Structures are given as C-alpha cells and as structure tokens.
Amino acid sequence: MTAEPVRATEYGADLRHVRSWVFDLDDTLYPPESQFMGLIQQRINDYVVRTAGLPADQAMTVQKGYLRDYGTSLAGLMAHYRIDPHDFLAEVHDVPLDVLTPDPGLRAALERLEGSRIVFTNGSMAHARRVVEKLELADLFDGLFSLEDADLIPKPDPRTFARMTDRFGVDPATAAFFEDTVRNLPPAKAIGMTTVLVGPHALDADAPFADHRAAALGPFLATARLPGDAR
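No experiment lies behind these values; they were computed from the predicted model shown. (Residues numbered from 1 in each chain as written. Predicted model: local features only at pLDDT ≥ 70, side-chain atom pairs only at ≥ 80, totals over all residues. Heavy atoms only, no water.)

Tallied over the entire structure, the rule returns 11 salt bridges. Between E179 and K155 there is a salt bridge; the shortest N-O distance is 3.0 Å. Note that E179 is positioned in strand β4 (residues 175–179) and K155 in the loop between β3 (143–145) and α7 (158–168), a separation of 24 residues in sequence. The pair E179 / K155 is uniform in exposure class, with both members buried. In the salt-bridge network here, residues are joined through shared partners; they are D24, K155 and E179. (Salt bridge = Lys/Arg side-chain N within 4 Å of Asp/Glu carboxyl O. Helix = DSSP H or I, 4+ residues; strand = E, 2+ residues; numbered from the N terminus. Buried < 20%, exposed > 50% of the residue type's maximum accessible area, 1.4 Å probe, protein only.)

This next bit is on the side chain of T165. Among the structural elements, T165 can be located in helix α7. Judged by its relative accessible area of 8%, T165 falls in the buried class. At 3.1 Å, the side chain of T165 forms a polar contact with the backbone oxygen of A162. Not counting residues within four places of it along the chain, the set of residues in contact with T165 comprises V170, P172 and I191. (Polar contact = N/O pair within 3.5 Å; in protein donor to acceptor, adjacent residues only side chain to side chain. Contact = heavy atoms within 4.5 Å.)

Take the sheet that holds β4 next. Taken in spatial order, the 6 strands make up an open sheet running β3-β2-β1-β4-β5-β6, and their pairing is parallel. The outermost strands of the open sheet, each flanked by one partner alone, are β3 and β6 (212–214). With direction set aside, neighbouring strand axes in the sheet form an average angle of 20°. Of the pairings in the sheet, the one linking strand β5 (residues 194–198) to β6 comprises 3 bridges and is parallel in character. Within β6, the position partnered with V196 by the bridge is H212. (Pairing = 2+ DSSP bridges. Axes fitted to C-alpha atoms, helices over the stretch in contact; angles between N-to-C directions.)

Structurally, A176 can be placed in strand β4. A residue is classified by how much of its surface remains accessible, and A176, at 0% relative accessible area, is buried. Those residues in contact with A176, other than ones at most four positions away along the chain, are V18, S20, W21, V22 and T194.

A separate point is the packing of aromatic side chains. Evaluated as defined, the whole model comprises 12 aromatic pairs. Pairing Y66 with Y70 gives two aromatic rings, centres 6.0 Å apart and planes at 75°, and the pair type is edge-to-face. Note that Y66 and Y70 are positioned in helix α2 (residues 56–70) at a spacing of 4 residues, about one turn of the helix. We classify Y70 as partly exposed; its relative accessible area is 34%. Geometrically, the ring pair formed by F120 and F161 is edge-to-face, given 5.1 Å between the ring centres and 90° between the ring planes. With a gap of 41 residues between them, F120 in strand β2 (residues 116–120) and F161 in helix α7 connect regions that are remote in the sequence. The cationic tip of K155 hangs over the ring face of F120; the distance from NZ or CZ to the ring centre is 4.9 Å. (Phe/Tyr/Trp six-rings, centres within 6.5 Å; stacked < 30°, edge-to-face > 60°. Lys NZ or Arg CZ within 6 Å of the ring centre and 35° of its normal.)

Moving on, we come to helix α5 (residues 104–111). Considered for burial, the residues of α5 that qualify are L106, A109 and L110. Along the long axis of α5, the arc covered by the buried residues comes to 100°, so they all point the same way. Considering only its buried residues, α5 is in contact with β1 (20–23), β2 and α9 (217–223). (Arc of directions from axis to C-beta.)

Structure, rendered in structure tokens:
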C-alpha cells in the first residue's frame, strides 16, 4: 500500500495550533547556499583523516557512512575510536562566521511567532550560541538544546527528542519542528509534532513524514497562519 502524496505547502500554512516552535540550526536558520556547513565538514574530514589514518577521499566516504548509520560523524567516531568528544566539537566548529549574514526578513517572521522558540541542534552549545548571535537572532530564542544536552546522542534518536521536550515543557501536539535533514523528521512526527522540511530541495524531496515544506524559512513563516488569525 503506497502512502498518499504529501501536499507541498510553501505559503499560507495553517499553524494556528502551534505554541512551541522548534528549529534545527545549521542549514535551517540560514540558507545552505552560504556554504557555512562546508567549512565544518572540511574540519570533520580533517579530523577523520588524522584519527583513522586515511586519505581524504576515503575519510569522506567513512564520514558519510557515520552520518548515515549513527546520525553524526562524532557518534561514528566514538563507536570506532577513542576520542575526546568535547575536543572534537571544539575543533570542528572553530570556523569563521564571515559567510553568515543576518536576515531581517527571517527576524521579522520569527517575531510573529507566539509561544516559545527553541533551537534544537546536533552541534555544540558554543557553536549554537555563536551562530544565533552572528545571525542577530539570539534574543528571540527561549532556549538552546545542543548535543551536550543530549549526552552526545544525536537526532534522530527518539531519546533526544524526549530530552528536549522534557527540558522545555514542549507539548508535541502543539509544537512545530523545522528541519533540513529528512531522517530527523520521523521521530518528531511519531510523537505528534507538526513537521516542516526546510531547504532548496524540500519541495521535491521524498519525505512522507513532512507535514509542510519550505524552500526558505523566512517566507514560509511570514505567510503562515498563526494562533489568533481568523479561521
């Protein structure tokens, strides 16, 4: 039995039930076209080269396998090597922020949202703080949930979603989760969150667990129907 096709919602999404707004960080709160994550990926690749003693191309293959099988490169490295995870996080996130620029449109769209706003990232807390400050969004968020808060267990592990919702008192039935990585949507959907796949390929992605899709976060939020809007 095939699943019904998901309606691609770019503008005017009905989010009137939402009281908690949960956002992934990287490639979600800023556009992937910035290539900021490429800087971090290069740092991760260098770390794998050094740790595994592999050429760069083989290290990249190993790294992609870790992402697929463990959720993060760090989780894969921890499963196969003795490393200090905190040193890893500090090293790979130590990249310049020059390519990131504040987006006034996104800020205005986030300001429309009533209720709590939370960043939910597989990155480190220091990384999350640096990025939201660079984007000039730090004052809009009520909380940051990082990989350290999850005891280094990354999304999409359901235990990490449970930790996040417990930490901030999020009721999944009245929460929306914005994420650019398809594999992180099923556990959110399973606990009742409204899921929004974000990114330039969101409208065409095979993502049956996405309730809505947005090529860019700002325009999606700016046109969404929010609590208090007329029915």
